[in-house]
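# Working through the structure, step by step
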Amino acid sequence: MAQAFSRLRKGGVAGGAVVAAAALAAYRWHMNETARRRMNSNREQRIWRKVKDEKQSLQVDKEFAQNLFKFLRVCVPGIRSKEFRYLIAVAGLLLLRSYLDIWISDNGGEIVKAIVGRDKKMFIIRALRDLGLMMFPIAAVNNLLKYTLSRLKVMMRKQLSLHFHEKYLDPRVNTFYKVSNLDSRIRNIDQLMTTDVERFCTSSADLYSNLSKPLLDIVLFTHRLSKSLGLGGPSAMIMYFSACSLILRAIQPPFGALTAEEQRLEGDYRLHHSRLITHSEEIAFYGGSKREKLYINMAFDRLMNLMHKIFYLRFWNGIWDSLLVKYMATIVGYCVVSAPIFFKGGILSNLQSGMGGATEKAGSDDAEASEVAAIYTKNSRLLISLAGAIGRIVLAGKEITRLTGFCNRVATLDNVLSDIQRSTLSPTPPPSIRASSNPSLQSTFEEEVRLNELMKPGVLIVGDEDNYECPVKFDHVNLISPDRTVLCQNLTFEIPQGVNVLISGPNGCGKSSLFRVLAGLWPLYGGTLTRPTSSQQFYVPQRPYLALGTLRDQVTYPLTWLEAKRIKGATDETIIELLNEVHLGEIAKRKGGLDVECDWADVLSGGQKQRLAMARLFFHRPKYAILDECTSAVSLDVEGFMYTRAKELGITLITVSHRPSLWKFHEKVLKFDGSGGYEFRKMMTEDIPPMASFPPKPQESEVSVMGDIVDEI
Ligand SMILES: Nc1ncnc2c1ncn2[C@@H]1O[C@H](COP(=O)(O)OP(=O)(O)OP(=O)(O)O)[C@@H](O)[C@H]1O
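The rules behind each value
- Residues numbered from 1 in each chain as written.
- Predicted model: local features only at pLDDT ≥ 70, side-chain atom pairs only at ≥ 80, totals over all residues.
- Heavy atoms only, no water.
- Phe/Tyr/Trp six-rings, centres within 6.5 Å; stacked < 30°, edge-to-face > 60°.
- Helix = DSSP H or I, 4+ residues; strand = E, 2+ residues; numbered from the N terminus.
- Buried < 20%, exposed > 50% of the residue type's maximum accessible area, 1.4 Å probe, protein only.
- Lys NZ or Arg CZ within 6 Å of the ring centre and 35° of its normal.
- Pairing = 2+ DSSP bridges.
- Axes fitted to C-alpha atoms, helices over the stretch in contact; angles between N-to-C directions.
- Contact = heavy atoms within 4.5 Å.
- Expected span 1.5 Å × (residues − 1).
- Arc of directions from axis to C-beta.
- Near = heavy atom within 4 Å.
- Polar contact = N/O pair within 3.5 Å; in protein donor to acceptor, adjacent residues only side chain to side chain.
- Areas by Shrake-Rupley, 256 points an atom, 1.4 Å probe, with all protein chains shown as cover.
- Nonpolar A, V, L, I, M, F, W, Y, C, P; charged D, E, K, R; others polar.
- Patch = residues over 30% accessible without salt bridge, like charges linked within 9 Å, V, L, I, M, F, W, Y side chains within 5 Å.
- Salt bridge = Lys/Arg side-chain N within 4 Å of Asp/Glu carboxyl O.
- Core = buried A, V, L, I, M, F, W, Y, C linked by side-chain atoms within 4.5 Å.

## Observations regarding the packing of aromatic side chains
On inspection of all chains with the given rule, the structure shows eleven aromatic pairs. Considering the side-chain rings of Tyr-643 and Phe-665, the 5.2 Å spacing of their centres and the 25° angle between planes classify their relative orientation as stacked. Of this pair, Tyr-643 sits in helix H21 (residues 636–648) while Phe-665 sits in the loop between strand E10 (652–656) and strand E11 (668–672), and the two are 22 residues apart along the sequence. Accessibility assignment for this pair places Tyr-643 and Phe-665 in one class, buried. A network of ring pairs unites the aromatic residues Phe-71, Phe-164 and Phe-200 as a single cluster. Stacked on the ring of Trp-561, the Lys or Arg Arg-552 has its end atom at 4.9 Å from the ring centre.

Encoded structure:
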């Protein structure tokens with residue numbers, strides 16, 4: 001600062017201003033960083049507390065076993081399934097590999113014996129012929145095992161993903177909407193559906209091979225070793241490892257809870273990125289990149305901090321693992337193998353007799369030395385393999401702990417999706433509540449009772465496909481938002497076909513919510529709702545959704561082109577005609593025709609998107625169309641044409657719009673007052689805004705519609 005002032009004095013105002021600006025910028029950066037760090041450390045503490053709490057719930061217990069079994073049954077659907085065949089193939093290959101390991105140990109022993117005994121012929125047979133021949137099957141089995149295991153993981157993932165897709169994209173329930181809009185239990189479902197499902201399958205398949213092979217190895221190697229060392233050697237090793245496993249379990253950090261939390265933070269970080277992509281244009285217009293960077297960096301920092309913590313814990317845990325399971329185990333192993341050799345006497349003869357009378361020839365020292373070398377080589381290899389097998393089982397404990405984390409995440413996903421499905425398909429009344437003895441809570445209690453009364457599940461009557469006359473009818477329905485705010489009570493009105501209705505009211509009064517209830521996105525409370533089938537009603541939002549694909553696919557959405565041809569008899573000519581009607585024919589030509597695929601949401605302007613949505617509506621020709629501010633970006637003449645065309649096609653319109661120019665196309669009005677009240681009545685002349693706010697010269701078609709309405713009124 002002193003320098004800044006001296007510069008100001010010496011170098012004049014400009015230099016001083018630069019230094020002052022730089023100092024201010026540095027100060028602001030420092031403050032931002034400090035604020036960010038402070039927030040992070042608070043959040044970190046919360047995360048750490050959560051991990052510790054979760055440690056209790058993420059145990060290898062009955063619940064974990066039940067969940068694991070449930071999902072494994074989904075991954076491997078039955079004994080006739082392809083997945084089960086692969087499971088058996090993996091088991092077979094593991095068995096084969098264990099036998100090959102034993103063969104390698106035996107052969108190694110023979111080779112050492114041949115070298116120490118200077119037996120050239122034996123060396124050529126064992127080292128060159130046998131090993132040369134066996135290396136092909138050994139390499140094939142090892143790599144086939146890897147390949148089969150990878151295929152098994154992919155197949156398991158496919159089954160589990162399809163299981164979740166079925167629930168998530170259930171057309172009767174619209175779970176994908178409800179899980180992110182009405183349920184707060186899951187914040188980042190994309191992370192769960194992709195990464196967590198994959199990790200769960202990989203982890204459980206790895207565990208299958210990491211547990212089954214060592215178990216098999218233990219049986220085989222113990223059997224082999226007990227022949228030469230007696231049961232004492234293998235038993236000593238097993239006892240040592242059992243003690244290790246107890247120690248390691250006691251000192252192991254809560255890796256299951258940490259894994260679950262890491263996945264959650266990974267999802268959070270990803271969520272920030274996907275939000276940035278979805279709202280990139282709005283954010284860019286606001287110049288919000290700095291703020292978004294702060295959010296993204298914070299989410300990333302939280303993830304990194306947790307990962308550093310996990311790495312640090314793994315480091316210490318890894319040291320204990322290596323010390324106990326690797327090096328101490330090797331020392332114990334050496335003791336076990338060498339004991340019979342050092343305490344020669346009866347034990348060596350016991351050893352040698354275990355070699356199938358091999359010692360009969362051992363008269364000379366040389367012969368004895370080569371025999372001992374052969375026994376030692378063979379036994380030490382077997383023992384190393386046995387130690388490795390038991391060690392893998394001990395370390396598999398860590399893998400199981402990690403699996404509890406993935407299993408917990410997948411179980412949460414499954415529970416939430418099932419809950420949403422259940423509550424939509426068979427809604428239950430809210431649980432009854434009991435009065436509190438505390439008088440100050442009396443009013444809260446009364447409010448709860450009132451809400452519970454209003455939130456009784458309503459009755460939905462859906463007309464069948466052939467019932468073309470089925471109206472839209474609300475009979476004493478309560479409009480209640482997901483946060484239990486009552487937007488409107490006892491909503492009662494009927495919209496017969498051919499009567500267009502305009503819905504008006506202040507912001508936030510529940511206009512769009514009415515459509516959400518009508519479409520089944522929000523639960524139905526109170527009375528009875530009668531409506532046509534979903535295919536007979538069509539929703540056109542303000543920002544229409546454009547799918548990936550061709551322009552043709554946009555018009556026929558949600559039908560695929562094949563379905564559109566089969567169900568609606570669509571042809572390219574129909575599509576071009578519709579595009580021309582909404583003045584998009586030129587765009588189609590300019591972009592290369594109907595077969596060009598691109599991300600139309602980026603290519604088209606707001607108004608063009610709305611016109612495309614109208615072409616889509618005309619293509620489907622539903623009985624009812626719900627238009628939610630869907631012409632806000634098109635010019636008045638195009639808007640007029642669209643409404644007239646819809647009427648010509650026999651589509652009954654239910655419109656939400658603040659544009660006065662649209663009132664004339666409707667016969668009835670549903671007016672919300674914003675405080676829970678509403679009125680439903682015929683459109684009056686005085687409802688229609690003054691002609692001055694209309695386009696100066698209405699189109700011919702508009703005049704006739706206008707005439708009809710004024711006549712009727
Ligand atoms: N997913 C949600 N969870 C909780 N409350 C919601 C949710 N969606 C909407 N709401 C609330 O429901 C109320 C009605 O919302 P709605 O979208 O129906 O308003 P609107 O009348 O269409 O308003 P506008 O004219 O501004 O579009 C609002 O107060 C809104 O905050």
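## Here we look at unusual backbone geometry
Cis peptide bonds are those with omega within 30 degrees of zero, and the linkage from Tyr-557 to Pro-558 qualifies with 10°. The residue Pro-558 is located in the loop between helix H15 (551–556) and helix H16 (561–568) in this model. In the Ramachandran plot, Asn-490 falls in the positive-phi region, its phi being about 50° despite a non-glycine side chain. Turning to its location among the elements, Asn-490 is positioned in strand E3 (residues 486–495). Classification of Asn-490 by relative accessible area gives partly exposed; the value is 39%.

## A word on the sheet that holds strand E4 (residues 501–504)
The strands making up a sheet associate through hydrogen bonds between their backbones, and the pairing can be parallel or antiparallel. Reading across from one edge, E6-E9-E10-E4-E11-E12 is the order of the six strands in this open sheet, with mixed pairing throughout. What marks the edges here is a single partner per strand, and that holds for strand E6 (537–540) and strand E12 (678–682). Between one strand axis and the next, the sheet turns by 15° as a mean value, whatever way the strands run. Bridge count for E6 against strand E9 (residues 624–628) is four bridges, and the pairing is parallel. Bridge assignment links Phe-538 to a residue of E9, and that residue is Ala-625. Contacts between helix H14 (residues 511–518) and the sheet are confined to E4, E6, E9, E10 and E11, with E9 contributing the most and set at about 145° to the helix.

## Re the pairing of E3
Pairing of strand E2 (residues 472–480) with E3, which is carried by six bridges, proceeds in the antiparallel orientation. Residue pairing across strands places Phe-474 opposite Phe-493, the latter belonging to E3. Where E2 folds back on E3, the antiparallel hairpin that results is connected by five residues, among which Arg-484 adopts a positive phi of roughly 65°.

## Concerning helix H2 (residues 62–75)
The end-to-end C-alpha separation of H2 is 20 Å, in line with the 20 Å expected for 14 residues at 1.5 Å each. Taken as a whole, H2 has its buried residues at Phe-64, Asn-67, Leu-68, Phe-71 and Cys-75. Looking straight down H2, one finds that the buried residues subtend no more than 100° of arc, so they occupy a single side. Of the residues in H2, the exposed ones pointing more than 90 degrees away from the buried face are Lys-62, Phe-69 and Arg-73.

## Things to note about the site of the ligand
Residues in close proximity to the ligand total 15 residues, the closest being Asn-507, Gly-508, Lys-511, Ser-512 and Ser-513. Within the side chain of Ser-512, an N or O atom sits 2.8 Å from an oxygen atom of the ligand. Here the ligand, which alone exposes 640 Å², has 65% of that area covered by the protein. For the shell around the ligand, the element with the most residues is H14, which contributes four residues. Of the residues assigned to the shell around the ligand, the class counts are four nonpolar, eight polar and three charged.

## So, a nonpolar patch on the surface
Side chains of Ile-247, Ile-251, Tyr-312, Phe-315, Trp-316, Ile-319, Trp-320, Leu-323 and Tyr-327 sit close together on the surface and give an oily, nonpolar patch of about 910 Å² of accessible area. If you tally residues by element for the nonpolar patch, the top one is helix H10 (residues 289–342), at seven residues. With respect to the helices, strands and loops of the structure, Trp-320 is situated in helix H10.

## Things to note about the sheet that holds E3
The four strands are arranged E1-E5-E2-E3 in an open sheet whose pairing can be described as mixed. Edge positions in the sheet fall to strand E1 (459–462) and E3, since each of these pairs with one other strand and no more. Each neighbouring strand pair of the sheet contributes to a mean axis angle of 10°, computed without reference to strand direction. Helix-sheet contacts for H14 involve E2, E3 and strand E5 (525–531), and the interaxial angle to E2 is about 115°.

## Comments concerning the nonpolar core
If you look at the biggest cluster of nonpolar residues, it comprises 42 residues, and the most contacted ones within it are Phe-71, Leu-160, Phe-164, Val-179, Ile-189, Phe-200 and Leu-413. Only H2, helix H3 (82–116), helix H4 (120–168), helix H6 (189–229) and helix H12 (365–425) provide two or more residues apiece to this core. Core analysis: the second largest hydrophobic core is formed by 39 residues, Leu-559, Leu-579, Trp-600 and Leu-662 among them.

## A few points about the pattern of salt bridges
Close approach of charged atoms allows side chains of opposite charge to pair. Tallied over the full model, the rule gives 25 salt bridges. Across the pair Asp-217 and Lys-213 runs a salt bridge whose closest N-O atoms are separated by 2.9 Å. Note that Asp-217 and Lys-213 are positioned in helix H6 at a spacing of four residues, about one turn of the helix. For Asp-217, a relative accessible area of 2% puts it in the buried group. Two residues, Asp-419 and Arg-422, come together in a salt bridge whose shortest N-O distance is 3.2 Å. Here Asp-419 pairs with Arg-422, and both are found in helix H12, just three residues apart, close to one helical turn. On the basis of relative accessibility, which here comes to 26%, the residue Asp-419 falls in the partly exposed class.

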